[in-house]
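Descriptive analysis of the structure
Residue-level listing of the chains:
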Amino acid sequence: MRIGFFGTPDFAVPSLKMLAGEGYTVAGVFCQPDRKSGRGHHVSFSPVKETALGLGLPVFQFEKIKSPEAVQQIKDLNLDLMVTAAYGQILSKEVLDAPKLGCINVHASLLPKYRGAAPIQWVIINGETSTGITTMFTDVGLDTGDMLLKRAVPIGKDETGGELYERLAILGADVLKDTLEAMESGTLTRTPQKEEDASYYPMLHKEMAKLDFGQTSRQLVDRVRALCPIMRCYASLNGEEIKLISLKISETATEGKPGEVLAADPKQGLIIKTGDGAVEAVQIQYPGGKAMDAKASLLGKPIAAGDCFE
RNA sequence: CGCGGGGUAGAGCAGUUUGGCAGCUCGUCGGGCUCAUAACCCGGAGGUCAAGGGUUCAAAUCCCUUCCCCGCAA
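Here we summarise the structure given alongside this text. (Residues numbered from 1 in each chain as written. Chains lettered and ligands numbered in written order. Predicted model: local features only at pLDDT ≥ 70, side-chain atom pairs only at ≥ 80, totals over all residues. Heavy atoms only, no water.)

Things to note about the nonpolar core
The following threshold applies: To form a nonpolar core, buried Ala, Val, Leu, Ile, Met, Phe, Trp, Tyr and Cys residues must be joined to one another through side-chain atoms within 4.5 Å. With a 1.4 Å probe rolled over the protein chains alone, any residue whose accessible area is under 20% of its type maximum counts as buried; one over 50% counts as exposed, and the rest are partly exposed. Going along the chain from the N terminus, every DSSP run of H or I of four or more residues is numbered as a helix, and every run of E of two or more is numbered as a strand. Throughout, a residue-residue contact means that at least one pair of heavy atoms, one from each residue, lies within 4.5 Å.
The biggest cluster of nonpolar side chains holds 72 residues, and the ones touching the most others in it are Phe5, Leu19 and Leu270. In terms of residues, this core owes the most to one element, helix H6 (residues 161–185), which gives nine residues. The contacts of Phe5, once residues within four sequence positions are left out, are Ala12, Ser15, Leu16, Leu19, Val26, Gly28, Val29, Phe30, Val48, Val83 and Ala85. Ranked by size, the runner-up nonpolar core spans 17 residues in total, among them Phe30, Phe62, Ile74 and Leu91.

As structure tokens, this is what we get:
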């Protein structure tokens, strides 16, 4: 079976490795073009590209996968099946119709819930206790195609978005493997998504990392761990933007307005009033500095109780 | 050559503008106080001020070079 693989970030790597490892013919690997990134603006390869090169697979990087050249390239590969996993571009009907058997997508949520580009972070932000992987036939809508296999996993109480991401990437490869085996043995069934149960969540935006201390302690803690480590949540204190790397719910019951510093000393730590209680900022990071324990930071850079995060 | 911040005792920081004894909080070690303590008091140890070069009577501080860390942007 000739497979075309479409993916770009770390999430797609286990799936690609599985395909190669299970003996499927990966006729081409498509990923986003190389971008200048990081400090110094050096060009770096995406994880999928690195992996494909390591496996000796041909790599294709189109600025627009809908372009005539890209479509022609896909057709020329004479594919039986396309597999997508966090590719990063919307596929057109023309592309989806190219392979004989269609296109299978690996999505990191229990569809039809959490359609969209960042389901892993959103489930944590919303305080869900479980999520999973759904494989599906891709259609022209956004994560709306018929579902194939689904597998659920519990979300750890303190699990970060990064940790869940890693687990789901591996689970995704596993479910994809089962999906392909079922397809080959003819036991695969497709289940339409119930639109009335569907939910969609957008891509992550910068401003999502700004903390609103009017939220509950639980919401704040969930947001910080959900966005960790791809975005560091922050709030302003006395004109400085301080990143709050990790929070935990504090039992300190005290009066105050949301965002107010209830305590800030090396013994108690940095305690901040929230909408319904208080949180302790366990790890913080000042502009230009490294992430560090809040208690250690307070030894050198004191914060006055009564100051207020905004 | 994308823009910017930083490197000072085990940890966190001040000192650099204007060159002039290496400082602060905490930890650590010893002693004291106390029914007791994470509290309080007294004392000690711990530094190649990231590295190299230059200027100077004198450099953490000014100039040049290198290394490393961080944020933004992408």
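Now that the structure is up, let's keep going.
Examining the pairing of strand S1 (residues 2–7)
Which entries qualify depends on this criterion: A pair of strands is treated as paired once DSSP finds two or more bridges between them. By convention, orient the strands away from the viewer: a clockwise path from the first strand over the helix to the second makes the crossover right-handed.
Along S1, five of the six residues are buried, which leaves the element largely enclosed by surrounding structure. Relative to strand S2 (residues 25–30), S1 runs parallel, the two being bridged by five bridges. Bridge pairing in S2 links Gly4 to Gly28. Crossover handedness for the path S1 to helix H1 (residues 13–21) to S2: right-handed. Bridge count between S1 and strand S6 (residues 81–85): five bridges; the pairing is parallel. From the neighbouring strand, Ile3 faces S6, where its bridge partner is Leu81.

Points about the packing of aromatic side chains
Inclusion rule: Two rings from Phe, Tyr or Trp (for Trp, the six-membered ring) form a pair when their centres sit within 6.5 Å of each other. Planes less than 30 degrees apart are called stacked, planes more than 60 degrees apart edge-to-face, and all others tilted. Placement of a positive charge over a ring is assigned whenever Lys NZ or Arg CZ falls within 6 Å of the ring centre and within 35 degrees of the normal to the ring plane.
Going through the model one piece at a time under the given rule, you end up with eight aromatic pairs. Ring geometry for Trp122 against Tyr201: centres 5.0 Å apart, planes inclined by 35 degrees, an arrangement best described as tilted. With Trp122 in helix H5 (residues 119–125) and Tyr201 in the loop between H6 and helix H7 (217–227), the pair connects residues that are 79 residues apart, well separated along the chain. For Trp122, a relative accessible area of 12% gives the class buried. Owing to a relative accessible area of 22%, Tyr201 belongs among the partly exposed residues under this scheme. Chaining the aromatic ring pairs together yields one cluster made of Phe6, Phe30, Phe60, Phe62 and Tyr87. Above the face of the Phe45 ring, Lys49 is positioned so that its terminal group lies 3.8 Å from the ring centre.

Some remarks on the environment of Gln215
Its place among the elements puts Gln215 in the loop between H6 and H7. When the C-alpha positions of Gln215 and Asp146 are compared, they lie 37 Å apart, and in sequence the two are 69 residues distant. When residues no more than four places from it in sequence are discounted, the contact partners of Gln215 are Leu220, Arg223, Thr274, Gly275 and Asp276.

Focus on unusual backbone geometry
Only a minority of non-glycine residues have a phi that is not negative, and only a minority of peptide bonds are not trans. With omega at 10 degrees, the peptide bond leading from Leu111 into Pro112 counts as cis. With respect to the helices and strands, Pro112 occurs in the loop between strand S7 (103–107) and H5. With an omega dihedral of 0 degrees, the bond running from Cys228 to Pro229 counts as a cis peptide bond. Within the element layout of this structure, Pro229 appears in the loop between H7 and strand S10 (234–237). Phi is positive for Tyr114, close to 60 degrees, though the residue is something other than glycine.

A look at the protein's contact with RNA strand B
The condition is simple: Throughout, near means a residue has at least one heavy atom within 4 Å of the molecule or strand. Pairing of N or O atoms within 3.5 Å defines a polar contact, subject to two protein rules: one partner must be a possible hydrogen donor and the other a possible acceptor, and residues neighboring in sequence count only if both atoms are side-chain atoms. Classes in brief: Ala, Val, Leu, Ile, Met, Phe, Trp, Tyr, Cys and Pro nonpolar; Asp, Glu, Lys and Arg charged; the others, Gly included, polar.
Around RNA strand B lies a shell of 19 residues, among which Arg39, Gly289, Lys290, Ala296 and Ser297 are the nearest. Restricting attention to atoms of RNA strand B within 4 Å of the protein, one finds that 57% of them are sugar or phosphate atoms. For RNA strand B, a base nitrogen lies 3.3 Å from a polar atom in the backbone of Leu299. Of all the secondary structure elements, the ones that give two or more residues to the surface near RNA strand B are strand S3 (35–37) and helix H8 (294–300). Its residues assigned to classes, the surface near RNA strand B shows three nonpolar, nine polar and seven charged.

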